[in-house]
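# Tertiary structure, described
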Amino acid sequence: MPAALFSPLGIREITLRNRIVVSPMLTYCAEGGHVNDFHLAHLAQFAAGGAGLVFMESTKIDPAGCSTPRDTGLWKDDFIEPLKRITALIKRNGAVPAIQLGHSGRKARRSVPWEGRVPMADAPGVDHGETWELIGPSAVAHDSKYAVPREMAREDIRKAAEAWGEAARRANDAGFDVVEIHGAHGYLIHQFLSAVANRRTDEYGGSLENRMRFAAEVAREIRKRWPEGKPLFFRASAVDETGWTIEDSIALAKVLKANGVDVIDCSAGGMSDGATASEMAPAYGYQVPYAREIRAGAGIMTMAVGMIVHSDHAEEIVSGGSADLVALGREMLHNPHWPIDAAQKLGVEAPFAGIPNAYAYFLEKRSKSKLIKPSTFQTGM
Ligand SMILES: Cc1cc2nc3c(=O)[nH]c(=O)nc-3n(C[C@H](O)[C@H](O)[C@H](O)COP(=O)(O)O)c2cc1C
């Protein structure tokens with residue numbers, strides 16, 4: 001039986017060769033928001049390894065939204081040209097290039113992980129780094145180690161939603177075919193969703209409907225500038241530490257679907273330190289049930305993520321109807337050619353189809369060669 005994991009998926013006018021996605025992962029290697037050769041080599045290898053969709057890390061729509069001074073940016077046109085090399089090479093290697101667009105809100109301005117993720121006073125080297133202001137839906141700090149953000153005025157909210165739209169316009173100019181809104185992990189959009197981070201008394205706070213308003217506006221601003229034929233994803237924290245529930249996520253998914261979102265990428269947490277998805281020590285597929293529930297509850301395509309490591313498990317997630325796509329993060333850092341391996345393990349008929357000839361030709365030959373058992377080698381001893 002053909003593997004569901006390797007069946008193509010069409011979303012709007014874009015077709016993915018399979019259901020395997022490289023999850024967005026910050027690399028903390030940019031300078032002043034600019035990508036460099038590291039990003040090119042890093043992202044292109046995943047496409048050469050057979051993934052269907054390759055996500056570039058959370059790239060910031062505004063310098064004040066940078067998690068660290070080493071984040072990539074898309075807040076001005078200068079960033080477009082160098083990104084074109086990356087999208088072109090991903091496409092040449094057979095995958096679809098995608099980018100996640102984010103703003104960290106009150107969780108911005110920290111040092112990189114290997115320098116302790118400590119809140120910083122400023123960050124020379126990033127646009128406006130010396131006057132880097134923390135903003136959020138309300139003047140409530142992430143926790144006691146963090147500075148209190150300035151409560152965003154309505155004008156700030158409007159500008160932020162527009163900045164997401166403008167960044168998507170630049171992403172299209174740079175050659176990306178999928179955009180994902182980062183609405184998870186305790187960052188700006190998630191802060192608006194959370195009744196704990198968002199204490200506003202205007203139309204952006206209070207009821208669930210009001211707290212979802214900013215997320216919907218971001219989707220609409222993107223859809224105004226992002227081509228109709230290209231997919232829009234939204235990464236949500238399906239549940240969090242501040243009381244956001246799976247039912248809230250289903251309601252959010254319905255609102256987003258009505259505003260042009262095609263796929264919900266189902267992560268969790270991030271509203272307290274040490275509880276981001278990547279830092280928990282969970283079981284295999286710990287977030288898959290969220291993808292399943294949102295898919296069924298909102299009638300929308302979903303992407304499952306989190307400790308999906310084994311090919312038979314990934315296959316079961318797709319064939320069993322839990323999700324339309326599976327995203328792998330750290331496992332791809334471990335083995336960027338995971339899809340080639342998975343295709344062979346799942347018995348896909350042409351496991352090397354679509355990957356660059358420089359690999360496919362030789363791997364195919366090797367797979368057909370008769371191996372001589374080590375015991376028959378002449379050791380000469
Ligand atoms: C180094 C690293 C960077 C990450 N950066 C992002 C990011 O930019 N945006 C995001 O939504 N999630 C980010 N994540 C979370 C991953 O996308 C993924 O959801 C998480 O690692 C769980 O999947 P895994 O078990 O396959 O790694 C990051 C994770 C890691 C390990």
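Predicted model only: the values in this text are computed from it and were never measured.

Inspection of every chain in the model, using the stated rule, returns seven aromatic pairs. Ring plane angle 85° and centroid distance 5.5 Å describe the contact between Tyr28 and Trp114, whose orientation is recorded as edge-to-face. With Tyr28 in the loop between strand E3 (20-22) and helix H1 (37-48) and Trp114 in the loop between strand E5 (96-102) and strand E6 (135-136), the pair connects residues that are 86 residues apart, well separated along the chain. Overall, Tyr28 belongs to the buried group, its relative accessible area being 12%. Between Phe192 and Phe214 the ring centres are 4.4 Å apart and the planes differ by 40°, which places this aromatic pair in the tilted class.

A few words on the site of the ligand. Neighbouring the ligand are 16 residues; Ser23, Leu26, Gln100, Met307 and Arg330 lie closest to it. Pro24 places a polar main-chain atom, nitrogen or oxygen, 2.8 Å from an oxygen atom of the ligand. For the ligand, an oxygen atom lies 2.8 Å from a polar atom in the backbone of Gly329. Across the complex, the protein chains shield 89% of the 600 Å² of accessible surface that the ligand would expose by itself.

Enumeration according to the criterion identifies two cavities of 30 Å³ or more in this entry. Considered as a void within the structure, the largest cavity measures approximately 40 Å³ in volume. Taken together, Val22, Ser23, Met25, Thr27, His39, His42, Leu43, Phe46, Phe55, Met56 and Glu57 make up the full set of residues lining the largest cavity. Elements that contribute at least two residues to the lining of the largest cavity include exactly H1 and strand E4 (53-60). Counting residues per element, the lining of the largest cavity draws most heavily on H1, at four residues. Split into classes, the residues belonging to the lining of the largest cavity amount to six nonpolar, four polar and one charged. In this structure, the second largest cavity spans a volume of roughly 30 Å³. Along its surface, the second largest cavity is lined by Gly33, His34, Val35, Met56, Thr72, Gly73, Phe79 and Leu83.

Scanning the entire structure with this criterion turns up zero disulfides. In this structure Cys29 is a free cysteine whose sulfur lies 14 Å from that of Cys66, the closest cysteine sulfur available. Since its relative accessible area comes to 19%, Cys29 is described here as buried. For Cys66, a relative accessible area of 1% gives the class buried.

Definitions and cut-offs
- Residues numbered from 1 in each chain as written.
- Predicted model: local features only at pLDDT ≥ 70, side-chain atom pairs only at ≥ 80, totals over all residues.
- Heavy atoms only, no water.
- Phe/Tyr/Trp six-rings, centres within 6.5 Å; stacked < 30°, edge-to-face > 60°.
- Helix = DSSP H or I, 4+ residues; strand = E, 2+ residues; numbered from the N terminus.
- Buried < 20%, exposed > 50% of the residue type's maximum accessible area, 1.4 Å probe, protein only.
- Near = heavy atom within 4 Å.
- Polar contact = N/O pair within 3.5 Å; in protein donor to acceptor, adjacent residues only side chain to side chain.
- Areas by Shrake-Rupley, 256 points an atom, 1.4 Å probe, with all protein chains shown as cover.
- 1 Å grid on protein atoms, 1.4 Å probe; cavity = no way out; pocket = protein on both sides within 12 Å on 5 of 7 lines; lining within 4 Å.
- Points joined across faces, edges and corners; volume = space filled by probe spheres on them.
- Nonpolar A, V, L, I, M, F, W, Y, C, P; charged D, E, K, R; others polar.
- Disulfide = S-S within 2.5 Å.

As far as function goes, none of this settles anything; it's purely spatial.
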